[in-house]
Structures are given as C-alpha cells and as structure tokens.
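Observations on chain architecture
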Amino acid sequence: MSEIQYAIKLHAPEIEPRFRHPRIFEMFDGLKSGEFMELSNDHNPKPLHYQFMIEREGMFTWEYLQEGPDLWRVAIGKL
C-alpha cells in the first residue's frame, strides 16, 4: 500500500483525548469514496477499529502499515 496517496494524515496523540475518536470519524466521513487517510498512534488503535466496525460497517478498509512497538500506522480507506 506504499503507493497510496493519502487525503488526510492524522497523528492521534496530537488530538485531545476526549475529541480524538469524534475527530477521526469526522475526518473519515469527509473522505470521498476511494480516498484514504493515514492514522498514526503511539499504541495499537484496536478499540478504534472495533468502533469503526460497529459505526461504519461495510464503509471502510483497515490495513496496518506499521505495528509498534512505539508507532502504529493504519491506512483507512473509504469504500
């Protein structure tokens, strides 16, 4: 997936925790079909993935680009 052009790149720790997931979903919702965002985080964003599975079922792809130990990067695509 290294050839992907990302419409958005977010580093989650830069977003205040209480706004983090809502902001990520807001950015995702602003994507057009076929666009991708890159999310980076200082821990595995598995809870966010579960939230995507519940709240945006069938609307996204999720692929880990890097899996720790200090940085996780995920390509999230909008279907």
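For every chain, the first residue of its written sequence is number 1, and the numbers climb from 1 along that sequence. With pLDDT at 70 or above as the cut-off, local features in this predicted model cover only qualifying residues; side-chain atom pairs require 80 or more to be listed or tallied, and sums for whole chains, interfaces and linings still use all residues. The basis for every side-chain value is the complete set of non-hydrogen atoms in the structure, without hydrogens or water.

Focus: the sheet that holds strand E4 (residues 72-78)
Strand order across the open sheet formed by 4 strands is E1-E2-E4-E3, with mixed pairing between neighbours. Each having just a single partner strand, strand E1 (6-11) and strand E3 (60-67) make up the two edges of the open sheet. Averaged over all pairs of adjacent strands, the angle between their axes in this sheet comes to 20 degrees, without regard to strand direction. In this scheme, strands are said to pair when DSSP sees at least two bridges between them. Each helix corresponds to a stretch of at least 4 residues labelled H or I by DSSP, and each strand to a stretch of at least 2 residues labelled E; elements are numbered beginning at the N terminus. Two elements, E1 and strand E2 (residues 36-41), share 5 bridges in a ladder whose sense is parallel. Opposite His11, over in E2, you have Ser40 as the bridge partner. Whether two residues are in contact is decided by their heavy atoms, any of which lying within 4.5 Å being enough. For every element, the axis is a line fit to its C-alpha atoms; helices are fit only across the contacting stretch, and the angle between N-to-C directions ranges from 0 to 180 degrees. Along the sheet, helix H2 (residues 46-55) contacts E2, E3 and E4; its crossing angle with E3, the most-contacted strand, is approximately 170 degrees.

Some remarks on the environment of Arg73
Mapped onto the elements, Arg73 comes out in strand E4. Any residue under 20% of the maximum accessible area for its type is buried, any over 50% is exposed, and the rest in between are partly exposed; the area is computed with a 1.4 Å probe on protein chains only. Look at Arg73 and you get partly exposed, because its relative accessible area is 24%. As for Arg73 and Leu39, which are separated by 34 residues in sequence, their C-alpha atoms are 5.6 Å apart. Those residues in contact with Arg73 that sit more than four places away from it in its chain are Glu38, Leu39, Ser40, Glu63, Tyr64, Leu65 and Gln66.

Some words on the packing of aromatic side chains
In this scheme Phe, Tyr and Trp rings, the latter by its six-membered ring, pair at centre separations within 6.5 Å, and the angle between planes marks the pair as stacked below 30 degrees, edge-to-face above 60, and tilted otherwise. Under the criterion given, the structure shown has 5 aromatic pairs. Geometrically, the ring pair formed by Phe28 and Phe52 is edge-to-face, given 5.1 Å between the ring centres and 90 degrees between the ring planes. Of the two residues, Phe28 is situated in helix H1 (residues 17-29) and Phe52 in helix H2; the sequence distance between them amounts to 24 residues. When the centroid spacing of 6.2 Å and the interplanar angle of 80 degrees are considered together, the rings of Trp62 and Tyr64 count as edge-to-face. Exposure remark for Trp62: the relative accessible area of 15% places this residue in the buried category. Relative accessible area serves as the criterion here: at 24%, Tyr64 is assigned to the partly exposed category. Pairwise contacts between aromatic rings join Phe25, Phe28, Phe52, Phe60, Trp62 and Tyr64 into one cluster. For a Lys NZ or an Arg CZ to count as sitting over a ring, it must be within 6 Å of the ring centre and within 35 degrees of the ring normal. When the ring centre of Phe28 is taken as origin, the NZ or CZ atom of Lys78, which lies over that ring, is 5.4 Å away.

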